[in-house]
Amino acid sequence: MKNFLEGVINRNNDKSDMGKVADYIPGLSHANKNHIGICIINSNNEITQAGDTNIKFTIQSISKPLTLMLALLDRGEKYVFSKVGMESTGDAFNSIKKLETGKMRKPFNPMINAGAIEVCSMIKGEDGEKKFKRVLDFFRIISENNTLNINEEVFLGEKETGNRNRAMGYFLKGEGLITGDVEEVLDIYFKQCSIEITAIDLAKIGLFLARGGILSTGERIVSEHIATIAKTLMATCGMYDGSGEFAIKVGIPSKSGVGGGILSVVPGKMGIGVFGPALDTKGNSIAGIAVLEEIAENFKFSIF
Ligand code: GLU
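Below or above, wherever it landed, is the structure these notes cover. Residue numbers here run from 1 along each chain, matching the order of that chain's written sequence. Whole-chain, interface and lining totals are the exception, using all residues; otherwise, since this is a predicted model, local features are given only for residues with pLDDT of at least 70 and side-chain atom pairs are given and counted only at 80 or more. No hydrogens and no water enter the side-chain calculation; it runs on all heavy atoms of the structure.

### Comments concerning the site of the ligand
Right, on to step 1. The ligand sits among Tyr24, Gln60, Ser61, Phe93, Asn113, Glu158, Asn165, Tyr189, Cys193, Tyr240, Gly257 and Val258.
Right, on to step 2. Polar contact criterion, stated in full: a pair of N or O atoms within 3.5 Å, where within protein one must be able to donate a hydrogen and the other to accept it, and residues adjacent in sequence count only if both atoms are side-chain atoms. A distance of 2.5 Å separates an oxygen atom of the ligand from a polar atom in the side chain of Ser61.
Right, on to step 3. In the environment of the ligand, an oxygen atom lies 3.1 Å from a nitrogen or oxygen atom belonging to the side chain of Asn113.
Right, on to step 4. Accessible areas in this description were obtained via Shrake-Rupley with a 1.4 Å probe; residue shielding takes into account the shown protein chains only. When the ligand is considered free in solution it has 300 Å² of accessible area, and contact with the protein chains removes 95% of it.
Right, on to step 5. Any residue outside Ala, Val, Leu, Ile, Met, Phe, Trp, Tyr, Cys, Pro, Asp, Glu, Lys and Arg is labelled polar, Gly included; the first ten of those are nonpolar and the last four are charged. Partitioned by chemical class, the residues of the shell around the ligand number six nonpolar, five polar and one charged. Residues are classed as near a molecule or strand on a simple rule: at least one heavy atom within 4 Å of it.

### Structural notes on the nonpolar core
Right, on to step 1. If you look at the biggest cluster of nonpolar residues, it comprises 67 residues, and the most contacted ones within it are Met69 and Leu209.
Right, on to step 2. It is helix α11 (residues 199-210) that contributes the most residues to this core, nine residues altogether.
Right, on to step 3. Two residues form a contact once any of their heavy atoms are found within 4.5 Å. Filtering out sequence-adjacent residues up to four positions away, Leu209 remains in contact with Met69, Ala227, Ala230, Lys231, Met234, Leu263 and Val265. The nonpolar core is taken to be a set of buried Ala, Val, Leu, Ile, Met, Phe, Trp, Tyr and Cys residues, with the residues joined through side-chain atoms within 4.5 Å. Relative accessibility under 20% of the residue-type maximum defines a buried residue, over 50% an exposed one, and the middle range a partly exposed one, all with a 1.4 Å probe and only protein chains included. Think of it this way: any DSSP run of H or I at least four residues long counts as a helix, any run of E at least two long counts as a strand, and we number them from the N terminus.

### Brief notes about the sheet that holds strand β7 (residues 261-266)
Right, on to step 1. Taken in spatial order, the five strands of this open sheet run β3-β2-β8-β7-β6, and their pairing is antiparallel. Strands at the two margins of the open sheet, each flanked by one partner only, are β3 (47-51) and β6 (254-256). Between one strand and the next, the sheet's axes are offset by a mean angle of 10°, whatever the strand orientation.
Right, on to step 2. Together, β2 (37-42) and β3 form the strand contacts of helix α1 (residues 2-12), whose direction differs from that of β3 by roughly 30°. Two strands are counted as paired when DSSP detects at least two bridges linking them. The axes used here are C-alpha line fits, helices contributing only the stretch in contact, and every angle between their N-to-C directions lies in the interval 0 to 180 degrees.

### Side note on the environment of Phe57
Right, on to step 1. With respect to the helices, strands and loops of the structure, Phe57 is situated in strand β4 (residues 57-58).
Right, on to step 2. Its relative accessible area of 5% is what places Phe57 among the buried residues.
Right, on to step 3. Between the C-alpha atom of Phe57 and that of Val258, which follows or precedes it by 201 residues, the distance is 9.8 Å.
Right, on to step 4. Residue contacts for Phe57: discarding those within four places in its chain leaves Ile195, Glu196, Ile197, Thr198, Ala199, Leu202, Gly259, Gly261, Val274 and Phe275.

### A few points about the pattern of salt bridges
Where charged atoms from two side chains of opposite charge approach closely, those side chains can pair.
Right, on to step 1. What counts as a salt bridge is simple: a side-chain nitrogen of Lys or Arg found within 4 Å of a carboxyl oxygen of Asp or Glu. Applying the stated criterion across every chain, the model contains 12 salt bridges.
Right, on to step 2. Among the salt bridges present, the one from Arg105 reaches Glu175, with a minimum N-O distance of 3.3 Å. Residue Arg105 is found in the loop between α5 (97-101) and α6 (113-120), and its partner Glu175 is found in the loop between α9 (163-174) and α10 (182-193); the two are separated by 70 residues along the sequence.
Right, on to step 3. The partly exposed category is assigned to Arg105, whose relative accessible area is 43%.

### Observations concerning the pairing of β2
Right, on to step 1. Taken across its six residues, β2 has six buried, putting it largely inside the fold.
Right, on to step 2. Of the two faces of β2, the one holding Gly37, Cys39 and Ile41 and the one holding Ile38, Ile40 and Asn42 are both buried throughout.
Right, on to step 3. Linking β2 back to β3 in an antiparallel pair, the connection comprises four residues, with Asn45 at a positive phi of about 65°.
Right, on to step 4. Pairing of β2 with strand β8 (residues 270-275), which is carried by six bridges, proceeds in the antiparallel orientation. Paired with Asn42 across the two strands is Met270, which belongs to β8.

### Describing helix α7 (residues 128-143)
Right, on to step 1. End to end, α7 covers 23 Å across 16 residues, agreeing with the expected 22 Å (1.5 Å per residue, within 8%).
Right, on to step 2. Among the residues of α7, those classed as buried are Gly128, Lys131, Phe132, Val135, Leu136, Phe138, Phe139, Arg140, Ile142 and Ser143.
Right, on to step 3. On its buried face, α7 sits against α3 (63-75), α10 and α11.
Right, on to step 4. In this structure Asp127 caps α7, since a side-chain oxygen of it lies 3.2 Å from the backbone nitrogen of Glu129.
Right, on to step 5. Remark: Glu144 follows α7 within two positions and exhibits a positive phi of approximately 55°. One less than the number of residues in a helix, times 1.5 Å, gives the span that helix is expected to have.

### Things to note about unusual backbone geometry
Right, on to step 1. If you check the backbone angles, Gln60 has positive phi at about 50° while not being a glycine.
Right, on to step 2. Assignment of secondary structure puts Gln60 in the loop between β4 and α3.
Right, on to step 3. At Glu144, a position not held by glycine, the phi torsion is positive, near 55°.

### A look at the packing of aromatic side chains
Right, on to step 1. For this analysis, a ring pair means two rings from Phe, Tyr or Trp (six-membered ring only for Trp) whose centres lie within 6.5 Å, classed as stacked if their planes differ by under 30 degrees, edge-to-face if by over 60, and tilted for the remaining angles. Taken as a whole and assessed by the stated rule, the structure comprises four aromatic pairs.
Right, on to step 2. Taking 5.2 Å as the distance between ring centres and 85° as the angle between the ring planes, the aromatic pair formed by Phe4 and Phe299 counts as edge-to-face. Highlighted residues: Phe4 in helix α1 and Phe299 in helix α14 (residues 286-299), separated in sequence by 295 residues.
Right, on to step 3. Seen in terms of ring centroids, Phe57 and Phe275 are 4.2 Å apart; in terms of plane orientation they differ by 5°. Their pairing is stacked. With a gap of 218 residues between them, Phe57 in strand β4 and Phe275 in strand β8 connect regions that are remote in the sequence.

Pasting the structure below:
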């Protein structure tokens, strides 16, 4: 398996030349566009990895299905989906337009920014810091990595430049969908996007989802149903407005982030973490998708 993964990386690393590292804040633009790594952990906890699997990068939008699971634990499915939908938009992750023009009168799903900001407003805790601490602790538990933390430079950059997200937060408050302090909610969102992880952490989270919400110790953290909601939204909306094409070409529930990571789950079988910071025009890791395509095709991993 290791030789196969190394071969996959060698065959696909030149794809990064066609992509572009996210540069909307300095903390992301430093990334080396030629990095590429993959880690796979199977249900026997056997780890296979190749390439740049120890490089830390920020989780960005991959945080969205994770915080969703915590919100579902905190508030229950009925409450959560009364304030955010379950439908894909076909628009970019940071698009605003359907917030007002869409018939739903709430963000279409929790994988787009508006929906993820809404989800952040549902996390329980006495104040913003304690709420974020619960998010961080949840990420640490499901990645089985107690050292996860935020990249302060990226957080401050997100906070300083995140005016589009700020606009969505205040719009949601105006609609009565966010009831608390919008800046506090946005800080939770910007901080969760700034949590640093590696491809190995992503593979561990993937395995947690593949097992239906159970850690490698056997401890259940979320119900199978909550894990299924997260995986289903990843499959339908996880790769931005490239989710349909990805479902056909790869067919594995996945979530990408502009830090270059992709979290993938082969249900019942394995977790996969991929890292490659050169992005395509939709914000997905360009070499990362190519690597997943080859692996899914080779092992017939598509769930469809
Ligand atoms: N922090 C980013 C934003 O809200 C997340 C982008 C992403 O990974 O999609 O713009």
